[in-house]
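# Architecture at a glance
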Amino acid sequence: VAFVTLSMLEAGYDVYVVVAASGTTNPLVQQAALMRMAEAGAEMGNWFAFACEMLNDWRNPEGAGSAGLFKDHMPGYAEAMASHAAFSGDDSGKVE
């Protein structure tokens, strides 16, 4: 991931590194690579943060699909959606 990230930054691209999806078997090497990419200008984060940034607004046409993805992979988020749905009288966030 580091080589591609550094090359893309050098070419002028904005680069977002999903930290949990990149790594090595050596924690020290991983930390050094993450620091190097961050210092070069890469944005570091996790898939949920980047997905929310790309979505930008729940009114986005992809909002409903994203909500389903979040519910499937994040039980705590599913509970928050169910709570919101119960409060608002909307059953679309119901956890099944």
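The shown structure was predicted, so the numbers you read here are calculated from the model rather than taken from an experiment. (Residues numbered from 1 in each chain as written. Predicted model: local features only at pLDDT ≥ 70, side-chain atom pairs only at ≥ 80, totals over all residues. Heavy atoms only, no water.)

### Some points on the nonpolar core
As a reminder of what qualifies: By convention a nonpolar core is built from buried Ala, Val, Leu, Ile, Met, Phe, Trp, Tyr and Cys residues, the set being connected through side-chain atoms within 4.5 Å. Any residue under 20% of the maximum accessible area for its type is buried, any over 50% is exposed, and the rest in between are partly exposed; the area is computed with a 1.4 Å probe on protein chains only. Any two residues having at least one pair of non-hydrogen atoms within 4.5 Å are treated as being in contact.
Counting six residues, the largest nonpolar core consists of Leu-9, Val-15, Val-17, Leu-34, Met-37 and Ala-42. Every residue in contact with Leu-9, bar those within four places of it in the chain, is listed here: Val-15, Met-37, Ala-40, Gly-41 and Ala-42.

### Structural notes on unusual backbone geometry
What counts here: Starting at the N terminus, helices and strands are each numbered in turn, a helix being any DSSP run of H or I of at least four residues and a strand any DSSP run of E of at least two.
The phi angle at Asn-56 is positive, at roughly 70°, despite the residue not being glycine. Within the element layout of this structure, Asn-56 appears in the loop between helix 3 (47–55) and helix 4 (63–73).

### Section: helix 2 (residues 27–40)
What counts is decided by this rule: Between the first and last residue of a helix there are one fewer steps than residues, each counted as 1.5 Å, and that sum is the expected span. Polar contact is the term for a pair of N or O atoms within 3.5 Å; when the atoms are in protein, one must be able to donate a hydrogen and the other to accept it, and sequence-neighboring residues count only if both atoms are side-chain atoms.
Over its 14 residues, helix 2 extends 20 Å from the first C-alpha to the last, a length consistent with the 20 Å expected when each residue adds 1.5 Å. At the N-terminal end of helix 2, a side-chain oxygen is found 2.9 Å from the backbone nitrogen of Leu-28, two or three residues along, and the residue is Asn-26. Just beyond helix 2, the residue with positive phi is Gly-41, at close to 115°.

### A few points about the packing of aromatic side chains
Filter applied, for reference: Pairing of aromatic rings covers Phe, Tyr and the six-membered ring of Trp, with a centre-to-centre limit of 6.5 Å; geometry is then stacked below 30 degrees between planes, edge-to-face above 60, and tilted otherwise.
A full pass over the atoms with the stated rule returns six aromatic pairs. Seen in terms of ring centroids, Tyr-16 and Phe-50 are 5.2 Å apart; in terms of plane orientation they differ by 80°. Their pairing is edge-to-face. Taken together, the residues Tyr-16 in strand 1 (residues 16–18) and Phe-50 in helix 3 connect sequence positions 34 residues apart. The class of Tyr-16 is partly exposed, set by a relative accessible area of 45%. The class for Phe-50 is buried, based on a relative accessible area of 8%. Taken together, a centroid distance of 5.4 Å and an interplanar angle of 80° make the contact between Phe-70 and Tyr-77 edge-to-face. Taking relative accessible area as the criterion, Phe-70 reaches 1% and is therefore assigned buried.

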